[in-house]
Amino acid sequence: MRTAAEFLKAIKTQEGINSDYALAKFLGESQQRISRYRVGKSLPDAEMCIKVEKILGLPEGFVAASIEAERAKCPPVRAMWRHVAQALSGGTAALLGLAASPALLNAYQSLEHCILC
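In this report, the structure presented in the accompanying data block is examined.

Cut-off values and rules
Throughout this description, residue numbers start from 1 for each chain and increase along the sequence as written. Residues qualify for local features only when their pLDDT is at least 70, as the model is predicted, and side-chain atom pairs are given and counted only at 80 or more; totals for whole chains, interfaces and linings, by contrast, use all residues. With hydrogens and water stripped out, all remaining heavy atoms of the structure feed into the side-chain values. We define a nonpolar core as any set of buried Ala, Val, Leu, Ile, Met, Phe, Trp, Tyr and Cys residues linked to one another through side-chain atoms lying within 4.5 Å. Only protein chains enter the accessibility calculation, which uses a 1.4 Å probe; a residue whose area is less than 20% of its type maximum is buried, one above 50% is exposed, and one in between is partly exposed. The helix count covers DSSP runs of H or I at least four residues long, the strand count covers runs of E at least two residues long, and both are numbered beginning at the N terminus. Residues are treated as being in contact if the distance between any of their heavy atoms lies within 4.5 Å. Axis definition: a line fitted to C-alpha atoms, limited for helices to the stretch in contact. Angles are taken between N-to-C directions and run from 0 to 180 degrees. By definition in this entry, angles of less than 35 degrees are roughly parallel, angles greater than 145 are roughly antiparallel, angles of 65 to 115 are roughly perpendicular, and the rest are oblique. Crossing handedness is read from the near helix: turned anticlockwise from the far helix by less than a right angle, it gives a left-handed crossing, and turned clockwise, a right-handed one.

**Details of the nonpolar core**
- Of all hydrophobic cores here, the largest spans 22 residues; its most connected members are F7, L23, L27, I34, V52, V63 and I67.
- Elements supplying a minimum of two residues to this core: α1 (4-15), α2 (20-27), α3 (31-39), α4 (46-56), α5 (62-71) and α6 (75-89).
- The residues touching L27, leaving out its near neighbours within four places in the chain, are L8, I11, I34, M48, K51 and I55.

Encoded structure:
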């Protein structure tokens, strides 16, 4: 799994951006929002995830699944989103194997114990 901070760092590296200010301008966001993403005080929404995927050339849904894993407080939910992100990074063949995965099945079965997470 990759974090919001890691995705932002990858964009900065790829695009030769040196500051959060320049990154914010590049992404069309405020510097404060980018800083909050970078330090983990908030996480990107779906629109930002799509923007990041396009810039970095990542599979559709990979960034969103990674961010949802980062956002999840409940370990089984986090494990499920990590598995989804991993499957998406492996392409369609991996995604088709998602339903049969023991790890995903265990994560779903554990959700009943996670109501108060």
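**Things to note about α5**
- Those residues of α5 that sit buried are F62, V63, A65, S66, I67 and A69.
- Against the buried residues of α5 lie α1, α4 and α6.

**A word on the packing of α1 against α4**
- Between α1 and α4, the shortest axis-to-axis distance is 10 Å and the interhelical angle comes to 40°. The pairing of α1 with α4 is recorded here as oblique in orientation. In this structure, the crossing between α1 and α4 has a hand that is left-handed. On α4, the residues touching F7, A10, I11, Q14 and E15 of α1 are V52, I55 and L56.

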